[in-house]
Each structure stands twice: as structure tokens, then as C-alpha cells.
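Here are the chains, one letter per residue:
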Amino acid sequence: MFAALAKTLEDLLSNPFLVVPAALLVLYQALLYYVFFMVFDTAPKFFYDVFALGETVNTGIFDSLAAFVLFHFNELLVVAFLSILWIAGFVGVLFAYSAAKKNPSIGALGAVMTALSKAGKIIGTSFFMWVLVLLFLFGLSSAILLAVFMPGLKLVFMVSFALILLAGIIVYLKIIFLPIVFFDSDKKIVQAMKLTDEFTKKRLIGIFLLVFVLAVLSRLAGEIASTALDALEIEPLAILLMFLSASIISAFTSLSIVNYYYLAAR
């Protein structure tokens, strides 16, 4: 873990242009935010009505779910589509940094172009990961709903909730390396999944620590950037600093994961 973090710091200091793929990711995420909140303005209202105001159909659980899907089908479709595109951004960045590690001579822009040339793989991987996230959320939601509507079995469903949550964490620790393995091995997705499982099987504690440390460092860097932003009175400079800080944090996080894989896979 520490070797991967040190290597990432060395890479970024020796070649600051490695921030470029992450900077493009930040711009891409900003575009998705714009689409979500400006073009599909009914989706935020839908979330506000359901989760803030608690507006639901007052019927049985299954009738409520059916009515929920029927009444908000367009919003759900928009959220699903944007979610896949959101995941595709992270997969694409991991592809780009993997390309840069395998062939350093291509440079940052060459790494981005290499990743874009594998757009089909990126979308396929993203859809697969999205399905896993959907199954995870469905499992958690089902356990909560059943515990509410069947209070006599509340303990059983709460234990199920805890087990599903634990399984989700383990799958997450494994699945974040799938894009890297998929790119590095150049095999089909099923074979890449098996290789990912083999790679992560005996490294889950190390991967957990890596993710935890990256989360802490990202939060700390974000707090520092936020403090600096509050001190700036010039709006263009504040926006530029926000963009640069988000890009650097994203680059350090993504590149650390890629470095961890390539250092451990030696």
C-alpha cells in the first residue's frame, strides 16, 4: 500500500501531465451534473418529493413499488442512464492510467486516446458494474422494507441487511480492480472477473487499507482546498482552484489504485 502511494506521488511529481486524464474526468462529471440538474429537471424534483417530502402511494408494498416505477419511469430511466455514464468515467480513467503504466512513452494524452479506443469495453464494464450496484441496493432496500412491513421477523431481516452490506463491501474491494485487470489482460469480461478474484483474494485487508487511506487523504485535501476557496474573493480563481484540486485528488486516487495493482502483480 505505502509503495503504491509513494509511487503515485513520484509519478505525479515527475510528470504533472498525468493529471490530464483525471482533469478530463472532472469536466466529464461536471457535464453529467449539468445534464442531470438542467436538462432533466424533473429528476431532482422526483428525488425531493420522494425522499424529502415522503410522497408515496398509500397502498401495499408491492402495489406501491409498482406505482412508484410506473409514475416515475422516465426519471428512473434517466438516473439509470446517467449512472452508467458516471461509472464509465471512472472505468475510463483507470483504463487511461493502466495504458500509461503499460506504455509510459505514449504520454497522458496518448493514454486518454488509448482508453477512448476501447469505448466498447468501457461501456460493457460499466454496465456490468452498474448491475452489481443495482443488485446490492435492491438487496439492502428489500431487507429494510421487509423489516418494516414484517416486524415479527425484523431481527432476521436486519441480520440479512448486515450480511448484504458486508458482501457489498467485499465485492466493491474486488470490483474496483476489474477495469485494470480487464485492460491489462485483454481477455473477456468473465475471464477478467476470475483473474480479478484471484488477484484480490489474499489482498482484501491491504486493499481495504488502501481505500481507507485514499478516502482520508482525499477528504483532508478537499478540506484544505475548501478553506482556500473560502479565502478567495475572485470567483474565476476560486473555480480554477476547485477544478485543479478535484483533478489532483482524482488523479492521485485513481493512479494509486493502478499502481497498487501493477506493483502487487509483479
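Chemist: So, the side chain of S126: which residues are in play, and what are the values?
Modeler: Mapping S126 onto the fold places it in helix α7 (residues 119-149). With relative accessibility at 0%, the residue S126 sits in the buried group. The residues contacting S126, other than those within four sequence positions of it, are I84, I87, A88 and V91.

Chemist: Go over helix α1 (residues 2-14) with me, naming the residues and quoting the values.
Modeler: For α1, spanning 13 residues, the distance from its first C-alpha to its last is 18 Å, which sits close to the expected 18 Å at 1.5 Å a residue. Taken together, the buried positions of α1 are A4, L5, T8, D11 and L12. When α1 is viewed along its axis, its buried side chains cluster within an angular range of 125 degrees and face the same direction. Across α1 from its buried face, at more than 90 degrees, point the exposed residues F2, A3, L13 and S14.

Chemist: Can you explain a nonpolar patch on the surface? Please cite residues and give values.
Modeler: A contiguous nonpolar surface patch, about 500 Å² in accessible area, is contributed by I205, F208, L209, F212 and V216. Classification of F208 by relative accessible area gives partly exposed; the value is 43%.

Chemist: Give a detailed account of the environment of S254, specifying residues and quantitative values.
Modeler: Tracing the sequence through the fold places S254 in helix α12 (residues 235-264). Taking C-alpha positions, S254 is 8.0 Å from A22, a pair spaced 232 residues apart along the chain. Once residues within four sequence positions are removed from consideration, S254 is found in contact with V93, L94 and Y97.

Chemist: Please provide a residue-by-residue account of the nonpolar core, values included.
Modeler: In terms of nonpolar packing, the biggest core is built from 46 residues, with L12, F95, Y97, F177, I180, Y260 and Y261 touching the most fellow members. Examining the composition of this core, we find that twelve residues originate from one element, helix α5 (residues 73-102), more than from any other. Every residue in contact with F177, bar those within four places of it in the chain, is listed here: T196, F199, T200, I207, I257, Y260 and Y261.

Chemist: Give a detailed account of the pattern of salt bridges, specifying residues and quantitative values.
Modeler: With the rule as written, the count across this model stands at six salt bridges. D11 serves as the salt-bridge partner of K101, at 3.2 Å between the closest nitrogen and oxygen. Taken together, the residues K101 in helix α5 and D11 in helix α1 connect sequence positions 90 residues apart. One salt bridge in this structure joins K174 and D197, with 2.9 Å as the shortest N-O distance. Here K174, found in helix α8 (residues 154-175), pairs with D197, found in helix α10 (residues 189-200); they are 23 residues apart in sequence, far enough to count as distant. With a relative accessible area of 17%, K174 lands in the buried category.

Chemist: Lay out α10 with the relevant residues and their values.
Modeler: Helix length check: α10 (twelve residues) gives 16 Å between terminal C-alpha atoms against 16 Å at 1.5 Å per residue, within 8%. Within α10, burial applies to A192, T196, F199 and T200. For α10, the angular spread of the buried residues around the axis is 80 degrees, confining them to a single face. Away from its buried face by more than 90 degrees, α10 exposes K194 and E198.

Rules behind the numbers
- Residues numbered from 1 in each chain as written.
- Predicted model: local features only at pLDDT ≥ 70, side-chain atom pairs only at ≥ 80, totals over all residues.
- Heavy atoms only, no water.
- Helix = DSSP H or I, 4+ residues; strand = E, 2+ residues; numbered from the N terminus.
- Buried < 20%, exposed > 50% of the residue type's maximum accessible area, 1.4 Å probe, protein only.
- Contact = heavy atoms within 4.5 Å.
- Expected span 1.5 Å × (residues − 1).
- Arc of directions from axis to C-beta.
- Patch = residues over 30% accessible without salt bridge, like charges linked within 9 Å, V, L, I, M, F, W, Y side chains within 5 Å.
- Areas by Shrake-Rupley, 256 points an atom, 1.4 Å probe, with all protein chains shown as cover.
- Salt bridge = Lys/Arg side-chain N within 4 Å of Asp/Glu carboxyl O.
- Core = buried A, V, L, I, M, F, W, Y, C linked by side-chain atoms within 4.5 Å.

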